[in-house]
Structures are given as C-alpha cells and as structure tokens.
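Below, each chain spelled out in residue letters.
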Amino acid sequence: MRPKIICHMVSSIDGRLLPDRWTPPAAGIARGWQHRHYEAVAARLDADGWMVGRKSMQEFAKGIARTATGTSDTLRATHVADRRGRAVAVAIDPHGRLHYSQDNAGGDHIIAIVGQQVSDAYLAELRADGVSYLFAGEDGTDLREAMDVLGDAFGIETILLEGGGITNGTFLKAGLIDEISLLVYPGIDGLAGVPSIFEFLGAVDDHPAAGKALRHFGTETLEGGVVWLRYKLEAAA
Ligand SMILES: NC(=O)c1ccc[n+]([C@@H]2O[C@H](COP(=O)([O-])OP(=O)(O)OC[C@H]3O[C@@H](n4cnc5c(N)ncnc54)[C@H](OP(=O)(O)O)[C@@H]3O)[C@@H](O)[C@H]2O)c1
C-alpha cells in the first residue's frame, strides 16, 4: 500500500516557488523565518521522510559518477540498502542524472526512484554508494507503482512531498496527494511566468487538479507572520 503523501511547501503570497526572489521581511522581523518554520513544521507532521524532484535533490547530490559493475538480473529489482533506522530522502530521478557518492542527504537515507531506462552501470553506482532504489516503470513516470513499492518494500507510511513545482504537479495530476501543508511567507514575487508550487507540464486545456476539492482543517500564524495552512484533498462533490 502506498504511503500517505503530504505536500509540504513554502510560498510567497502569490504562490510562487523560488524564495530567493521574494521581498524581504518587514522591519524588525529576522530573515530566515521561512526556513526555520519549514523544518519545524515538517517535524510536527510526523513523517518517515521527504521526497523531491531531481532538480531539488541536486543541492544534496554533489557526488561524481563512478565506475561500478554488477549483473543485470540482480540490479533490476528494488534494492533495499542499509537504512539503519534513519528517515528517508526520496529522489524522483527518471533518467538517473544524480550522483550521490554517499548514502544520505542531510543525514537521511537516500532512496532513488528511477526508470528502467537507466543503465546497469548507474544502478551499480547507486549500490556502491549505499543508496536504495526502486523503479517507476520504463521511463520513470509510473509514480503510483513507485509509491506502492515505497510503502510495501520500505515500510514508509507517511512521506512529505517537498517539491519542486514540476514534481508536485506530476503527483497532483496522478491523484497521489492526500494533504497540503502550505507555509505562506509574507512576501511577494510578482513577476509573470515565475513557477508556482504546482507546475504540471501539460497542455493549456489540462486540469491537473480535476476531480479534487480541498477541505481546510487547520490554520496557524507563526512567528514573523508566516501562516501555516492545512488542507485535505478529497473527491469533488
Ligand atoms: N518553495 C518551496 O517550498 C520549494 C521546495 C522545493 C524546491 N523549491 C525550488 O524549486 C526549484 C526546482 O523545482 P522544479 O519544479 O524546477 O524541479 P523539481 O520538481 O525539483 O524537479 C523536476 C525534475 O524532476 C524530474 N521528474 C520527476 N518526475 C517527473 C515527471 N513525471 N515528469 C517530468 N519530470 C519529472 C525531471 O528530471 P529530468 O530533468 O532529469 O528529467 C524534472 O526536470 C528549485 O529552485 C528549488 O529551490 C522550492
């Protein structure tokens, strides 16, 4: 069974994705509150770990490609490495572009979700790094299958989906988001075309959230004027 998926994000009041672009805090309010709140609220959500897209994981994946070998039969099955009780850091990386050179991101055990299209050499590299992996179909986009494996093979019951916008949009379209936990930072981006926290790459007549309705179940105003909003996604009436 797949885990419960809570999309946990921080945005400006215009729903934008990139914190570096937002207006600074008002006079007397310290910078950095959105980051501190983000981690503190994540801890309150009591998840087994977090999950991000390839671009968002890039800042943790500073390793280099290395030569490793293995045989195809053993490589092309779900690989559960030694997690040692740690929280998990799940990367959705359909083409196998990330190189880790370690088994953790910020101390959390890495699980790579890749497509069967990646090479044997890449899978052998993940094993040599101590990284776990599982497959999301041939091209890495079968997220429903991948989430089932994350639940069944790794025992993950609740996971935080932490962006970026493209990855959130893909999960939204697939109907895989159960809750949204949104920190609204009191700042503005304001520029047309800057990504929002949901960026499904579809046609203009696509409606990635079709069939869903949001039920509000919590609001808290946090220090510095950040507002924490909570919603459950349910079937639209
Ligand atoms: N405000 C926040 O709370 C927050 C949170 C996280 C990140 N961010 C920011 O978000 C930015 C990155 O966001 P992003 O939306 O550009 O990237 P992203 O969602 O992190 O990663 C997108 C990549 O994921 C891969 N991917 C996985 N599944 C896919 C699918 N089904 N369809 C297409 N691609 C799929 C693709 O990798 P390939 O290109 O390899 O195919 C794609 O380029 C960063 O600047 C980061 O700082 C903000």
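See the structure above.
Cut-offs used in this document
- Residues numbered from 1 in each chain as written.
- Predicted model: local features only at pLDDT ≥ 70, side-chain atom pairs only at ≥ 80, totals over all residues.
- Helix = DSSP H or I, 4+ residues; strand = E, 2+ residues; numbered from the N terminus.
- Rg over C-alpha atoms; globule rule 2.2 N^0.38 Å.
- Buried ≥ 20, exposed ≤ 12 C-beta atoms within 10 Å, placed from the backbone.
- Contact = placed C-beta atoms within 7 Å.
- Near = placed C-beta within 6 Å.
- Nonpolar A, V, L, I, M, F, W, Y, C, P; charged D, E, K, R; others polar.
- Domains from an automatic or database assignment.
- Expected span 1.5 Å × (residues − 1).
- Arc of directions from axis to C-beta.

### Focus: the overall build of the chain
Logical step 1: Looking only at helices and strands, the chain has 6 helices and 10 strands in total.
Logical step 2: The C-alpha radius of gyration computed for the chain amounts to 18 Å, which stays within 12% of the reference 18 Å derived for 237 residues, consistent with globular compactness.
Logical step 3: Seen through its principal axes, the chain has C-alpha atoms that stretch 60 × 45 × 35 Å.
Logical step 4: Counting the 237 residues in the chain, one finds 36% classified as buried.
Logical step 5: Partitioning the intrachain contacts of the chain with sequence separation of at least 6 by distance along the chain shows that 72% fall at a separation of at least 24.

### Focus on unusual backbone geometry
Logical step 1: Here G163 and G164 are connected by a cis peptide whose omega angle stands at -5 degrees.
Logical step 2: Structurally, G164 can be placed in the loop between β7 (158–161) and α6 (165–173).
Logical step 3: The phi torsion at D46 lies on the positive side, around 55 degrees, for a residue other than glycine.
Logical step 4: Here D46 shows up in the loop between α1 (33–44) and β2 (49–53).

### Here's the deal with the site of the ligand
Logical step 1: Contacts to the ligand come from 25 residues, most closely from G53, S56, G163, G164 and T167.
Logical step 2: The leading source of residues in the shell around the ligand is α6, at 4 residues.
Logical step 3: Taken together, the residues that form the shell around the ligand break down as 10 nonpolar, 10 polar and 5 charged.
Logical step 4: When residues of the shell around the ligand are assigned to domains, at least three map to each of domain 1 (1–48 + 157–237) and domain 2 (50–156).

### A closer look at α1
Logical step 1: For α1, which comprises 12 residues, the first-to-last C-alpha distance of 16 Å matches the rise-based estimate of 16 Å (1.5 Å per residue) to within 8%.
Logical step 2: Of all the positions in α1, only Q34, H37 and V41 are classed as buried. What you see down the axis of α1 is that its buried residues fit within an arc of 60 degrees, all on one side. Exposed positions of α1 whose direction lies more than 90 degrees from the buried face are E39 and A43.
Logical step 3: Buried residues along α1 sit against β1 (4–11), β8 (179–184) and β10 (227–235).

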